[in-house]
Amino acid sequence: MANNDLPEDIIVKILIRLPVKSLVRFRCVSKRWRSILSDSQFAKSHFRLASEQKTLSHRLLVSGSSSLESLDLEKPFGIGNESSVRELTCPLQQFGESVLLLGSCNGLVFIGLENCKHLSIWNPLLGLLHKLPAPGFSTKENSNVSIYYHGFAYVSATDDYKVIVAADFGDEVEVEVEVEIFSVRANIWKRIESPIESVIQGEGVLLNEALHWLDDMNVLEPVIFAFDLEKEEFRKLQLPNFMEDGKDFRRLEVVYGGRLLVSRCTSCAHDSFRYIDFWVMEEYGVCQSWTKLFDYEVSRKPGYWSLIPILVMETITLTVQMTSRADILVKHDHKEGKLTFHFLDRYKWHMIKYEESLLWLSDYYAVEEKVKRLKTEHKS
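Residue positions within a chain follow its written sequence, with the count starting from 1. Under the rules for a predicted model, residues below a pLDDT of 70 receive no local features and side-chain atom pairs below 80 are neither given nor counted, while totals for whole chains, interfaces and linings still include all residues. Heavy atoms throughout the structure, all of them, feed into the side-chain values; hydrogens and water do not.

Colleague: Please set out the pattern of salt bridges residue by residue, giving values where relevant.
Modeller: Each salt bridge in this description consists of a side-chain nitrogen of Lys or Arg and a carboxyl oxygen of Asp or Glu lying within 4 Å of one another. What the rule picks out here adds up to 16 salt bridges. In this structure, the salt-bridge partner of Lys 117 is Glu 97, at a minimum N-O distance of 3.0 Å. Taken together, the positions of Lys 117 in strand β6 (residues 117–123) and Glu 97 in the loop between β3 (85–88) and β4 (100–105) put the pair 20 residues apart, joining distant regions of the chain. Under the relative-accessibility criterion, Lys 117 is labelled partly exposed at 34%. Only runs of H or I of at least four residues qualify as helices and only runs of E of at least two qualify as strands under DSSP, and these elements are numbered from the N terminus. A simple rule labels every residue: compare its accessible area, found with a 1.4 Å probe on the protein chains alone, to the largest value its type can have, and call it buried under 20%, exposed over 50%, or partly exposed in between.

Here's what the structure looks like:
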């Protein structure tokens, strides 16, 4: 039986079990296959099956002053492993600025430039980019706009993607924060209230249809702020009390098993962030369920400055070691105990984990032309 005579449901059942990288190549096989592989329902089904079977392709996107790299988290870094690194070109690089990585979800990445410019949603694998309307922040004469905290998430209850951005318009003395949330389905920004007396910054991590930020500036009662994406309201989650043991909360993320994880580093100058311990919340929302996952330590060597936790997965831990000569991304393989290294653009790097997928936003627009399709070039 010729390939073109195969029933479409049989073709779909075969293709849906293949790796996403192969499917991108197979779009060139025929118009029929391209139509199947470009279908949004196929993309959703493929991503869901890969999630269930734990076959998603996990990668780390690294943005430098003038570069964008995608690192394969399932391969070693360094010399002899060049295939683990893929150079990307994003349309926002044409403006000559470092691309900010503001959130990721389902293979889509929320990006932008300084001063809240050119906020966009990008699929690095497919090379598709959709520029969002400008948020309605207040404008003040001669004022700079700093992105304070941010996040990107899918809300299954409403089948919608949402973006949240908090911008600071204050000066060195006073912080003036405005927060807006964007609905991809409604294609509008909406002003919301920021938590009072909170100092949250950086990327919100997604769990249980809420974005979470670490508020560690309040030394008396550090907490996690969670933003419910359906109700569009903030709430607090308690952190464990370590009674001022000389370590500071450093990073919040979601780890395998769908658990919140916080990392803590030594704060005294002598130890210079040599030690990290990782704690997970075994039962969501229950402060008493915080449990130590493991400790991490590096030996102090000449020129060593500090150790920054980046990512914990079931098989690896990623950290950045800052030294007098370089910033180095270190990958620790849990099973083999091996360390591999990737050199970073000194002082000027942003990182975000993402999964490769065929998902895109075409279902959310009545007119396909509203989605600006800009082809990402993959350098050879």
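Structure shown, so let's carry the discussion forward.
Colleague: Explain the sheet that holds strand β19 (residues 275–281) residue by residue, including any values.
Modeller: Here four strands make up an open sheet; going across it, the order is β17-β18-β19-β20 and the pairing antiparallel. The sheet terminates laterally at β17 (247–255) and β20 (290–297), the two strands that pair on one side only. The average angle at which neighbouring strand axes cross in this sheet is 25°, direction not considered. Being paired, for any two strands, means DSSP has found at least two bridges between them. Here strand β18 (residues 259–266) runs beside β19; their pairing, made up of six bridges, is antiparallel. Under this scheme, a helix contributes an axis fitted over its contacting stretch, all axes are lines through C-alpha atoms, and angles between N-to-C directions fall in the 0 to 180 degree range.

Colleague: I'd like to hear about the nonpolar core, residue by residue, with values.
Modeller: Ranked by size, the top nonpolar core spans 44 residues in total, and within it Tyr 161 and Val 165 carry the most contacts. With five residues, the single largest contributor to this core is helix α4 (residues 40–52). What makes two residues a contact is simply this: any of their non-hydrogen atoms within 4.5 Å. Other than its neighbours up to four places away in sequence, Tyr 161 contacts Cys 105, Asn 106, Leu 108, Phe 152, Ala 153, Tyr 154, Phe 182, Ser 183, Val 184, Leu 359, Leu 361 and Tyr 364. Definition used in this section: a nonpolar core is a set of buried Ala, Val, Leu, Ile, Met, Phe, Trp, Tyr and Cys residues joined via side-chain atoms within 4.5 Å.

Colleague: Can you lay out the environment of Asp 245 for me, pointing to particular residues and giving the numbers?
Modeller: Here Asp 245 shows up in the loop between β16 (233–238) and β17. Given the relative accessible area of 41%, Asp 245 is considered partly exposed. Residues Asp 245 and Thr 266, 21 residues apart in the sequence, show an inter-C-alpha distance of 8.8 Å.

Colleague: So what's going on with empty space enclosed by the protein? Which residues, and what values?
Modeller: A 1.4 Å probe that fits into a set of points on a 1 Å grid over the protein atoms alone but cannot get out defines a cavity; an open set with protein on both sides within 12 Å along at least five of seven lines defines a pocket, and lining residues are those with an atom within 4 Å of a point. Grid points are joined across faces, edges and corners, and a volume is the space filled by probe spheres set on the points. Inspection of the entire model under this criterion finds one cavity of 30 Å³ or more. Looking at the largest cavity, its volume works out to about 40 Å³. As for the largest cavity, its lining consists of Ala 43, His 46, Phe 47, Ala 50, Leu 56, Glu 356, Ser 357 and Leu 358.

Colleague: Break down α4 for me, with residues and values.
Modeller: With 13 residues, α4 should cover 18 Å at 1.5 Å per step; its first-to-last C-alpha distance of 18 Å lies within 8% of that length. Here α4 has its buried residues at Ser 40, Phe 42, Ala 43, His 46, Phe 47, Leu 49 and Ala 50. Among the structural elements, α1 (8–15), α2 (20–26), α3 (31–37) and β25 (350–355) are those in contact with the buried residues of α4. In this structure Asp 39 caps α4, since a side-chain oxygen of it lies 3.1 Å from the backbone nitrogen of Gln 41. In the segment just after α4, Lys 54 is the residue with positive phi, at about 55°. What a helix should span is 1.5 Å times the count of its residues minus one. Pairing of N or O atoms within 3.5 Å defines a polar contact, subject to two protein rules: one partner must be a possible hydrogen donor and the other a possible acceptor, and residues neighboring in sequence count only if both atoms are side-chain atoms.

Colleague: Before we move on, could you go through unusual backbone geometry and cite the residues and values that matter?
Modeller: The phi torsion of most residues other than glycine is negative, and most of the peptide bonds are trans. At Asn 115, a position not held by glycine, the phi torsion is positive, near 65°. Here Asn 115 shows up in the loop between β5 (108–113) and β6. With relative accessibility at 34%, the residue Asn 115 sits in the partly exposed group. Although it is not a glycine, Asn 208 sits at a positive phi angle of roughly 55°. Note that Asn 208 resides in the loop between β13 (205–207) and β14 (210–215).

Colleague: Talk me through the pairing of β6; I want residue IDs and the actual numbers.
Modeller: Of all seven residues making up β6, five are buried, and the element is well covered by its neighbours. Turn length for the β5-β6 hairpin, with the two strands adjacent in sequence and antiparallel, is three residues, and the turn residue Asn 115 shows positive phi of about 65°. Relative to strand β7 (residues 128–131), β6 runs antiparallel, the two being bridged by four bridges. Among the inter-strand pairings, Ser 120 is bridged to a residue of β7, identified as Lys 131. Remark: four residues form the turn of the hairpin made by β6 and β7, two consecutive strands paired antiparallel; Gly 127 in that turn has positive phi of roughly 75°.

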